[in-house]
2 protein chains.
Amino acid sequence: MALDKIDRKILTLLQKDATMPVAEIGRKVGLSTTPCWRRIQKMEEDGVIQRRVAVLDPAKVNVGVTVFVSVKTNEHNEAWMRKFAGVIDEFPEVVEFYRMSGDVDYLMRVVVPDIGAYDSFYKKLISKINLTDVSSAFAMGQIKYTTALPLDFAIVVDDDK
Amino acid sequence: MALDKIDRKILTLLQKDATMPVAEIGRKVGLSTTPCWRRIQKMEEDGVIQRRVAVLDPAKVNVGVTVFVSVKTNEHNEAWMRKFAGVIDEFPEVVEFYRMSGDVDYLMRVVVPDIGAYDSFYKKLISKINLTDVSSAFAMGQIKYTTALPLDFAIVVDDDK
DNA sequence: GCCACTCACGCAAGATTATTGCGGAAATAC
DNA sequence: GTATTTCCGCAATAATCTTGCGTGAGTGGC
């Protein structure tokens, strides 16, 4: 599961553009097609590469507005958390959901077309599960968004090159 | 740029798995290869599909910890914002960055291996740009994360089927 | 030092998939 | 009713993926 310099180069390329032919990737990392393909294959088996997906333009599919929703609760137990998670899973508007430390207990990122749609979402949400303290923060603009994770921290065995 | 039911089906599939052969997508949406391929092609040209990327496992590349960083500032002007954006662009640890309304002015999501690495990031950040009020919230766990946007709001022309 | 072993590489062939050319049917315009 | 447009599907071609096989570098045992 350790990655060398070539693996990381491959991942950097695939995180930007997963349509690139293996032959071209190989050329860019200084490898012929076969060993490059085998490396990619192995990283998929190992789960380093989880999947390949199409990324859409939020505005073009009419979900240009992002809202961050903070939730505080008194229900601090596993069962409630699972129920909450189950409810959230049913909402495709919620694209990220975290259990937090500190002030708020849960944080989610919601994408909607506009304020009105957010209100609909909100009402639907509180009808499915009882939430004591909810607060919403609207994003005025997305300055940066990337699915590419930094590879500077990845575990390495030999890093001579 | 309007999408009909078939387009949305195609997008749903591609948002889950962009490696699926066009022939199979066609079969699933009730279309032969060629028209299905042309639809995908058109949606790429129109920018609805922005790109196809590989999604990695955060834990496997050693960035299992997410931190949300809230920033308040007194500098409410375009120039400063651009500078800030430029600085953030240089940090691969910052995977999302939003300009917010309300209490905080900016919100970013940062991925790191652990608390120590976050501290390094934090010190590096404040050395690059002067920030008055910064507060960090650590995620204890990622309950949901998807790159798939909801298509329920997409603009539609004819929706007979 | 030499042999056996493993591992990663590259070439070349075969299998899949993407892409294009062409012709036909359904919907729309006039 | 006819012309035009649009979308479909078949079949051929081009590109890419995937596998089989042989080679050389590096490693450990002796």
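In this text, all values refer to a predicted model and were calculated from it rather than measured experimentally.

Chemist: I keep staring at the overall build of chain A and nothing clicks. Help me out?
Modeler: Along chain A, the regular secondary structure elements total 5 helices and 5 strands. Starting at the N terminus and ending at the C terminus, chain A contains elements arranged as α-α-α-β-β-α-β-β-α-β. Relative to the 2.2 N^0.38 estimate, which gives 15 Å for 161 residues, the radius of gyration of chain A is 21 Å and therefore markedly larger than a compact globule would have. Principal-axis analysis of the C-alpha atoms places the extent of chain A at approximately 55 × 35 × 25 Å. Looking at chain A alone, contacts between residues at least 24 apart form 65% of all its contacts between residues at least 6 apart. Accessible area for chain A stands at about 8000 Å²; split by element, carbon and sulfur atoms hold 50% of it. Each charge sign in chain A was given a centre, from 22 positive and 23 negative side chains, and these centres are 5 Å apart.

Chemist: What is the right way to read the packing of helix α1 (residues 5-16) of chain B against helix α2 (residues 22-29) of chain B from this model?
Modeler: Residues and elements named next belong to chain B. At their nearest, the axes of α1 and α2 sit 10 Å apart, and the two run at 130° to each other. Here α1 lies oblique to α2, going by the angle between them. The two elements α1 and α2 cross, and the hand of that crossing is right-handed. Side by side, α1 and α2 meet where Ile6, Lys9, Ile10, Leu13 and Leu14 of the first sit next to Ile25, Lys28 and Val29 of the second.

Chemist: Teacher, can you tell me more about the interface of chain A and chain B here?
Modeler: Where the parts come together, the accessible area they lose is often given as the size of the interface. Contact with chain A, which involves 67 residues of that partner, is made by 67 residues of chain B. Buried area between chain A and chain B, summed over both chains or domains, comes out near 6400 Å², and the portion from carbon and sulfur atoms is 63%. Here chain A and chain B share 2 salt bridges between them. In this structure, the salt-bridge partner of Glu96 of chain A is Arg109 of chain B, at a minimum N-O distance of 3.2 Å. Across the chain A-chain B interface, the total number found is 39 residue pairs in polar contact (both at pLDDT 80 or more). Listing elements by their share of the side of chain A that touches chain B, those giving two or more residues are α1 (5-16), β1 (49-56), β2 (65-72), α4 (78-89), β3 (94-100), β4 (106-112) and β5 (133-145) of chain A. At 9 residues, β5 of chain A tops the list of elements feeding residues into the side of chain A that touches chain B. In the side of chain A that touches chain B, the residues fall into 42 nonpolar, 11 polar and 14 charged. One ladder, built from 5 bridges, connects β3 of chain A with strand β5 (residues 133-145) of chain B; its direction is antiparallel. Considered in β5 of chain B, the bridge of Phe97 of chain A is made with Lys144 of chain B.

Chemist: How should I be thinking about the relation of the copies chain A and chain B in this particular structure?
Modeler: What relates the pair of chain copies is a rotation about an axis plus a shift along that axis. For the pair chain A and chain B, the superposition axis carries a translation of 0.0 Å, the fit reaches an RMSD of 0.0 Å, and the rotation angle comes to 180°. When the rotation and shift are considered jointly, the pair of chain copies conforms to a two-fold rotation axis. No C-alpha of chain A approaches the rotation axis more nearly than that of Val53 of chain A, which lies at 2.9 Å. The overlap is high: 100% of the interface residues of chain A also sit at the interface in chain B, so the same surface is used on both sides.

Chemist: What is the right way to look at unusual backbone geometry in this model?
Modeler: Among all residues except glycine, the phi angle is most often negative; among peptide bonds, the trans geometry is most common. A positive phi angle, close to 65°, is found at Asn62 of chain A, a residue other than glycine. Within the element layout of this structure, Asn62 of chain A appears in the loop between β1 and β2.

Chemist: How should I be thinking about the protein's contact with DNA strand D in this particular structure?
Modeler: DNA strand D sits among Pro21, Val22, Thr33, Thr34, Trp37 and Arg38 of chain A together with Leu31, Ser32, Thr34, Pro35, Arg38 and Arg39 of chain B. Each atom of DNA strand D within 4 Å of the protein was assigned to sugar, phosphate or base; sugar and phosphate come to 62%. The contact in question runs from a phosphate oxygen of DNA strand D to an N or O atom on the side chain of Trp37 of chain A, over 2.7 Å. Those elements that place two or more of their residues in the surface near DNA strand D are α3 (33-45) of chain A together with α3 (33-45) of chain B. Grouping the constituent residues of the surface near DNA strand D by class yields 5 nonpolar, 4 polar and 3 charged.

Chemist: What is the right way to read the side chain of Arg52 of chain A from this model?
Modeler: Topologically, Arg52 of chain A is positioned in strand β1. Only 3.3 Å separates the side chain of Arg52 of chain A from the backbone oxygen of Ala18 of chain A, close enough to count as a polar contact. Discounting chain neighbours no more than four positions away, the residues touching Arg52 of chain A are Leu14, Ala18, Ile40 and Glu44 of chain A together with Lys16, Asp17, Ala18, Thr19, Val53 and Ala54 of chain B.

Chemist: Any chance you could explain the protein's contact with DNA strand C here in plain terms?
Modeler: The immediate surroundings of DNA strand C are formed by Leu31, Ser32, Thr34, Pro35, Arg38 and Arg39 of chain A together with Pro21, Val22, Thr33, Thr34, Trp37 and Arg38 of chain B. Counting only atoms of DNA strand C within 4 Å of the protein, the fraction found in sugar and phosphate groups is 64%. In this structure, Thr34 of chain B approaches DNA strand C through a side-chain N or O atom, which is 3.2 Å from a base oxygen. Going through the elements one at a time, α3 of chain A together with α3 of chain B are the ones with two or more residues in the surface near DNA strand C.

Chemist: I tried to follow the domain arrangement of chain A on my own but got confused; where do I start?
Modeler: When cut into domains, chain A gives domain 1 (5-45) and domain 2 (59-138). Between the C-alpha centres of domain 1 of chain A and domain 2 of chain A the distance comes to 37 Å.

Chemist: Help me out: how do you make sense of the sheet that holds β5 of chain B in this one?
Modeler: The strands that make up a sheet are held in pairs by hydrogen bonds between backbone atoms, and each pair lies either parallel or antiparallel. Read around the barrel, 8 strands follow the order β2(A)-β4(A)-β3(A)-β5(B)-β2(B)-β4(B)-β3(B)-β5(A) and close on themselves; strand pairing throughout is antiparallel. The average undirected angle you get between the axes of adjacent strands in this sheet is 35°.

Chemist: Is there a simple way to think about α1 of chain B in this case?
Modeler: What sets the pattern is the α-helix's 3.6 residues per turn: residues three or four places apart point alike. Between its terminal C-alpha atoms α1 of chain B stretches 17 Å, which fits the 16 Å expected from 12 residues at 1.5 Å a residue. Buried within α1 of chain B are the following residues: Asp7, Arg8, Ile10, Leu11, Leu13, Leu14 and Gln15 of chain B. Buried residues belonging to α1 of chain B abut β1 of chain A together with α2, α3 and β1 (49-56) of chain B.

Parameters at a glance
- Residues numbered from 1 in each chain as written.
- Chains lettered and ligands numbered in written order.
- Predicted model: local features only at pLDDT ≥ 70, side-chain atom pairs only at ≥ 80, totals over all residues.
- Heavy atoms only, no water.
- Helix = DSSP H or I, 4+ residues; strand = E, 2+ residues; numbered from the N terminus.
- Rg over C-alpha atoms; globule rule 2.2 N^0.38 Å.
- Contact = heavy atoms within 4.5 Å.
- Areas by Shrake-Rupley, 256 points an atom, 1.4 Å probe, with all protein chains shown as cover.
- Lys, Arg positive; Asp, Glu negative; His and termini not counted.
- Charge placed at Lys NZ, Arg CZ, Asp CG, Glu CD.
- Axes fitted to C-alpha atoms, helices over the stretch in contact; angles between N-to-C directions.
- Parallel < 35°, antiparallel > 145°, perpendicular 65-115°, else oblique.
- Left-handed = near helix turned anticlockwise from the far one by under 90°.
- Buried area = accessible area lost by both parts, 1.4 Å probe.
- Salt bridge = Lys/Arg side-chain N within 4 Å of Asp/Glu carboxyl O.
- Polar contact = N/O pair within 3.5 Å; in protein donor to acceptor, adjacent residues only side chain to side chain.
- Nonpolar A, V, L, I, M, F, W, Y, C, P; charged D, E, K, R; others polar.
- Pairing = 2+ DSSP bridges.
- Least-squares fit on C-alpha atoms with pLDDT ≥ 70 in both.
- Near = heavy atom within 4 Å.
- Domains from an automatic or database assignment.
- Expected span 1.5 Å × (residues − 1).
- Buried < 20%, exposed > 50% of the residue type's maximum accessible area, 1.4 Å probe, protein only.

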